[in-house]
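The chain contents come next:
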Amino acid sequence: MRGVGAAPRAPRGGHWVCAVPEWVSPCRDPVPILGPAQEGGHGTGCGVRERVPKMSLWSIVSHMPPEEFSGLFTEFPRSLRCVLADWLENQPWEFVNGSDAFCTSVASGMLSAMLEKLRSAASSNGQQCQILQQVNGIENMYRRDPLRLVSVLRAILDGEKAAVLKRDHHLPLSFHRRQEELKFNMGLQRLQHRVRQIQAQLDGPPASLQEPQLKTEAKASESELSTLILEAVKELEAAKQQVLKRIQIWKRQQQLAGNGAPFEENLAPLQKRCENLVEVHFQLHQQVMGASAELGAELVPRLQERLNEVLSSLVKSSFLVERQPPQVLKTQTKFQASVRFLLGPQLLKALAKPYMVRAEMVTEKQARELALSAYSSTLSESTGEIMHNVVALETNPTSGTCCANFKNVLLKKIKRCERKGSESVTEEKCAVLFSTSVALTTHNLSIHLQVLSLPIVVIVHGNQDNNAKATILWDNAFSEIDRVPFVVAERVPWDKMCDTLNLKFMAEVQTTKGLLKEHYFFLAQKIFNDYSASLEDFQSRSVSWAQFNKEILPGRGFTFWQWFDGVLDLTKRCLKSYWSDRLIIGFISKQYVCKLLSTEPDGTFLLRFSDSEIGGVTIAHVIRGKDGSSQVENIQPFSAKDLSIRSLGDRIRDLGQLRNLYPNTPKDQAFGSHYNKEQTGKDGRGYVSTAIKMTVESERDQHPQSAAGTLPEAPPAPMFNLPMLQPEDLQPVLSPMCPPAPFCPPPVPTGYPTGESSVNMMVTSNLGSSFPSTSPMLSPSLAMDQPLPPCEDLAFRNPLPFMPNQYMTGEASQMLSGGPSPEPRDEEMLELAPLTLMVDPPLQSTQRWLPSMNQPPCSDLDQFLQEMSVEGHPFPPPPQHSGYPSASCWGLGESRWDDSIRPGHA
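Residues numbered from 1 in each chain as written. Predicted model: local features only at pLDDT ≥ 70, side-chain atom pairs only at ≥ 80, totals over all residues. Heavy atoms only, no water.

### A look at the overall build of the chain
A tally of helices and strands in the chain yields 26 helices and 22 strands. A sequence separation of at least 24 residues applies to 71% of the contacts in the chain between residues at least 6 apart. For the chain, the accessible surface area stands at approximately 46500 Å², while carbon and sulfur atoms represent 53% of it. (Helix = DSSP H or I, 4+ residues; strand = E, 2+ residues; numbered from the N terminus. Contact = heavy atoms within 4.5 Å. Areas by Shrake-Rupley, 256 points an atom, 1.4 Å probe, with all protein chains shown as cover.)

Right, here's the structure in full:
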């Protein structure tokens, strides 16, 4: 038989393609073969219902250079290997060990199936004669010795696995799962073959064997029967251990799904395994009792004990929490959970009354005691009071499941236990214990079933949620299979932490675009507070729980996880589409941004998550002065609330100084699909539509101060005719504008370039000439005076035109945020011409914000404010030092009306 065909062809599309005839379609597939999960599943309560992609070994091997496998195909042509593709690796070649009748029978069956597969492929292609000739050669060579074919194909698969491991250092996860299934199925087939052999022995020899000369053969048959039964029990115990291990893997995958890992949650294959083993157990139990005379009085009790242990282990392990309760559980909040008994449909068929399942809270200490007793002891005391905690265990004949569904469970209260060292309330873990007792009448067994939920952190207030999620994230990610509850490592490798953060980010944001190595580098610098190490240096480091969510970041008021969780929440709520389109770099330091943008042209910008605030995204952009010098400015971060008012894409469109997204993508090209359509004209009710716009004033755009330290006079602006007001008439007008200085504190100097980020409400059509003016124009000097600075507090935004404080009385002017100004002399006051038109009386407004002029001294008022602040901050604090250009809401809370838009407003 000839071996592999021709040498490899040139790469096509970056991948090597097998040099086989053109009709071999699997070799021409340039992408990995992905398939959905084979079966559906049930909910787990973890918030993840993903199907695990199936990637075959062949999907990787077919794109590797063929010369790496040249020594494998000496007895089997590579062209047929390409035709068989992933069918070949889905057969149990590796697990056919031995030369007995069972192995020979299995090998012969696989040979027949392979020949049928090849002939079917040949009939659908044009070169039928060529492939049929190769198939006939395979049949002639291996029909008499099918075990030799098994050995050849096992060597080919082993060589392919070794080549993939050498290159990638791991095999596809789905390949491992499939191999585990093949191993179990092969073991089950062998076990069923043993049972048939035993039954053939028990049926007894034919009557002719009762002749005296054949009595010796009958005794040999009895010895063979005991050997067969012992081997069958041993194989049953091995199969049971394999099922129990698979159940533990399912539990671990369910826990990882809480962090966002993909989870194939379907329990039907596991239920089928358990039912098959219990069926074999019943048959063996009957055969042992039927052969008690041949086995002897000493061997039968031992076999029965071993068989009962197998049944008890399977029954206890098949009681699972299918839908987990919330792992962060708030008291006085309803939740749902469900438990499933995999062997219930088989063992609890004819019950007049269903068994009841009870749910109780247990502490970590109680959970550890239950685990050490192999869940054989009962709970002495519940650590919390749960309402509606008893539910019937019901069997559904249609779906073939046996479940207890807890639909309206409520944790009324929790008893806290003594915590270790500096452990906080949100680090205290507990669990829900589900328990019931079932009686197996066929074996006279009563089994107490118990199962623990995943670890739970109980909170009593929403502000504990963030830290509680950190505890759960750490426990889900780094706990071991079959651990002592709820022991978890205090330090973990940084690369595992990166995988955990990436899984959590992708699951929370619901995106397929994960974190990149540059993002990991920034996160490592942040959590380790080390800006001198390289990316490779961080790979060998380990991160502790304290660094993750106990130690405050240097210069900040929050932990690493609190900051990262804020980014998660912001991206999930407002930035999902921007992140998925890779428009946000996000995880990058302000210093590195300056380095990137310093050499870029004016108007280049990028988006990054705020390093100093929780849940903020900022725009860093390049501005250049007339002298050609460049400066990188960071606009004050936008929170989720800001972006709910106006989206990020619309804000970027509003700012004309932003031109190209780093490195050189025009902003309209990058963000055009994220712009919202602007409304124009009138709506259906006849109103003129309005729009909110954002503007940013850089420090370079502001007017320099005069030598006296005051702002220069502004150019005269067009104003509508208003009546001339006397100073004594201003007090009732100004009283609703802005509270006195203690209530509306002046802005604190930040030391950073000042700017103004304002959102202006724009009317889409010019209404300035639509209304006639009937009032005398203010004097030119009054119109040219600099307006007062806007009120910083959103609660005290002024809906009237700002009036100059030099026309106010001294006491009133001292109470404005701009501070006192020199009281004008009488000769400086302008003579007001007598009014000829009817003037409305002064506004009669209650002075809610402006106290009487006989207010207490400033020191007394400060003391009053300090006392009031203890009761819940009745007045907002002064602006904090942020390092960003100051931002305000102009047109929303701090509505500064423009008289050109609202004529006649007084």
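### Digging into helix α14 (residues 494-509)
With 16 residues, α14 should reach 22 Å at 1.5 Å per residue; the first-to-last C-alpha distance of 22 Å fits that figure. Among the residues of α14, W494, M497, C498, T500, L501, N502, K504, F505, A507 and V509 are the ones counted as buried. Taken from the residues just after α14, Q510 is the one with a positive phi, measuring 60 degrees. (Expected span 1.5 Å × (residues − 1). Buried < 20%, exposed > 50% of the residue type's maximum accessible area, 1.4 Å probe, protein only.)

### A closer look at the pairing of strand β10 (residues 401-414)
When strand β5 (residues 334-341) meets β10, the two strands line up antiparallel, connected through six bridges. Across the sheet, residue F335 finds its bridge partner in β10, namely V409. Across three bridges, the pairing between strand β9 (residues 394-396) and β10 is antiparallel. By the bridge assignment for β10, T395 is matched with C402. If you look at the hairpin formed by β9 and β10, you'll find four residues sitting between the two strands, and G400 has a positive phi there, around 70 degrees. (Pairing = 2+ DSSP bridges.)

### Section: the nonpolar core
Residues F341 and F434 are the most contacted members of the largest nonpolar core, which totals 70 residues. If one sorts the elements of this core by residue count, helix α7 (residues 215-257) sits on top with eleven residues. Leaving out residues up to four positions away in the same chain, F434 has contacts with F319, V321, A337, V339, V357, R358, A359, F406, L449, Q450, V451 and S453. Formed by 58 residues, the second largest nonpolar core is a distinct cluster that contains F478, W561, L575 and V696. (Core = buried A, V, L, I, M, F, W, Y, C linked by side-chain atoms within 4.5 Å.)

### Here's the deal with the sheet that holds strand β6 (residues 356-363)
Here four strands make up an open sheet; going across it, the order is β8-β6-β11-β12 and the pairing antiparallel. Both edges of this open sheet fall to β8 (390-392) and β12 (445-452), since each of them pairs with a single strand only. Sheet twist, expressed as the mean angle between neighbouring strand axes with direction ignored, is 25 degrees. Where strand β11 (residues 430-440) and β12 come together, eight bridges link them in antiparallel fashion. (Axes fitted to C-alpha atoms, helices over the stretch in contact; angles between N-to-C directions.)

### Re the environment of E116
For E116, the position within the fold is in helix α3 (residues 101-123). Along the chain, E116 and V135 lie 19 residues apart, while their C-alpha atoms are 9.4 Å from each other.

### What about the sheet that holds strand β18 (residues 630-634)?
Ordered in space as β18-β17-β16-β19-β20, the five strands form an open sheet in which the pairing is mixed. Here the strands that pair on one side only, and so sit at the sheet edges, are β18 and β20 (665-666). By the bridge criterion, two bridges tie strand β16 (residues 604-609) to strand β19 (residues 660-661) in an arrangement that is parallel. Looking at β19, one finds that T604 is bridged to N660.

### Topic: the pattern of salt bridges
Overall, the coordinates contain 37 salt bridges when judged by the stated rule. Between R167 and D168 there is a salt bridge, with the nearest N and O atoms lying 2.9 Å from each other. Taking the relative accessible area as the measure of exposure, R167 reaches 45% and is therefore partly exposed. Given a relative accessible area of 24%, D168 falls into the partly exposed group. A single network of salt bridges, built from pairs that share partners, joins R646, D650, R653, D654, E678 and K693. (Salt bridge = Lys/Arg side-chain N within 4 Å of Asp/Glu carboxyl O.)

### Notes on the packing of aromatic side chains
Scanning the entire structure with this criterion turns up 26 aromatic pairs. Measuring from centroid to centroid gives 6.3 Å for F319 and F341, while their planes differ by 75 degrees, and the two rings are edge-to-face. In this pair, F319 is assigned in strand β3 (residues 319-323) and F341 in strand β5, connecting sequence segments 22 residues apart. Of the two residues examined, F319 and F341, each falls in the buried class. Relative to F434, the ring of F406 has its centre 5.3 Å away and its plane inclined at 55 degrees; by these criteria the two rings are tilted. Here F406 is found in strand β10, whereas its partner F434 is found in strand β11, with 28 residues between them in sequence. The residues F406 and F434 share a single accessibility class, namely buried. The ring of F184 carries R273 above its face, with NZ or CZ at 4.4 Å from the centroid. Lying over the aromatic face of F528, R541 brings its terminal NZ or CZ to 5.5 Å of the ring centre. (Phe/Tyr/Trp six-rings, centres within 6.5 Å; stacked < 30°, edge-to-face > 60°. Lys NZ or Arg CZ within 6 Å of the ring centre and 35° of its normal.)

### Describing helix α12 (residues 364-372)
What α12 keeps buried is the set E364, Q366, A367 and L370. The arc enclosing the buried residues of α12, seen along the axis, measures out at 160 degrees, which places them on a common side. Residues K365 and L372 are exposed on α12 and point more than 90 degrees away from its buried face. The secondary structure elements touched by the buried residues of α12 are β6, β11 and β12. Two residues or fewer past α12, A374 is found with a positive phi of approximately 60 degrees. (Arc of directions from axis to C-beta.)

### Some words on the packing of helix α6 (residues 173-202) against helix α8 (residues 268-290)
The angle between the axes and the distance between the axes are what describe a pair of packed helices. Running from N to C, α6 and α8 point in directions that differ by 20 degrees, and their axes come no closer than 11 Å. Here α6 lies roughly parallel to α8, going by the angle between them. For the pair α6 and α8, the crossing hand works out as left-handed. Residue-level inspection shows E180, E181, F184, L188, L191, Q192, V195, I198, Q199 and L202 of α6 in contact with α8, the latter providing R273, N276, L277, V280, Q283, L284 and Q287. Across the contact of α6 with α8, the residue classes tally to nine nonpolar, five polar and three charged. (Parallel < 35°, antiparallel > 145°, perpendicular 65-115°, else oblique. Left-handed = near helix turned anticlockwise from the far one by under 90°. Nonpolar A, V, L, I, M, F, W, Y, C, P; charged D, E, K, R; others polar.)

### Here's the deal with unusual backbone geometry
Most peptide bonds take the trans form, and the phi angle of most residues other than glycine is negative. A cis geometry characterises the amide bond from P485 onward to F486, with omega recorded as -20 degrees. Counting through the fold element by element, F486 comes out in the loop between α13 (465-478) and β14 (491-493). Y662 connects to P663 through a cis peptide bond whose omega is 5 degrees. Counting through the fold element by element, P663 comes out in the loop between β19 and β20. Even without glycine at this site, Q332 takes up a positive phi of about 60 degrees.

### Looking at a nonpolar patch on the surface
A surface patch of nonpolar side chains, amounting to about 270 Å² of accessible area, comprises L372, V484 and V487. Accessibility expressed as a relative area gives 35% for V484, which makes it partly exposed. (Patch = residues over 30% accessible without salt bridge, like charges linked within 9 Å, V, L, I, M, F, W, Y side chains within 5 Å.)

### A look at the packing of α3 against helix α5 (residues 146-168)
In contact at an axis separation of 8 Å, α3 and α5 are set at 70 degrees when each is read in the N-to-C sense. Classified by the angle between their axes, α3 and α5 sit roughly perpendicular to one another. Of the residues in α5, those in contact with C103, T104, A107, S108, M110, L111 and M114 of α3 are P146, L147, L149, V150 and L153. The class makeup of the residues in the contact of α3 with α5 is ten nonpolar, two polar and no charged.

### Looking at the environment of K240
Take K240: it is sitting in helix α7. Between the C-alpha atom of K240 and that of C274, which follows or precedes it by 34 residues, the distance is 8.2 Å. Excluding residues within four positions of it along the chain, K240 makes contact with L277, V310, S313 and L314.

### Examining the environment of K413
For K413, the location among the structural elements is in strand β10. In sequence terms K413 and K330 are 83 residues apart; their C-alpha atoms lie 9.4 Å from each other.

### Digging into the side chain of T436
Looking at the secondary structure, you find T436 in strand β11. Judged by its relative accessible area of 5%, T436 falls in the buried class. Within the structure, the side chain of T436 is placed 2.8 Å from the backbone oxygen of M356, a separation counted as a polar contact. With residues near it in sequence (within four places) discarded, T436 still touches F319, Y355, M356, V357, I447, H448 and L449. (Polar contact = N/O pair within 3.5 Å; in protein donor to acceptor, adjacent residues only side chain to side chain.)

### Regarding the confidence of the model for the chain
When pLDDT is averaged across the chain, the result is 76; 68% of the residues are at 70 or more. In this model residues 863-881 is a low-confidence stretch, pLDDT under 50, and it forms 14 contacts with partners more than four residues away in sequence or in other chains. A low-confidence stretch, residues 886-906 stays under pLDDT 50, and its non-local contacts, those more than four residues away or across chains, total 54 contacts. (pLDDT = per-residue confidence, 0-100.)

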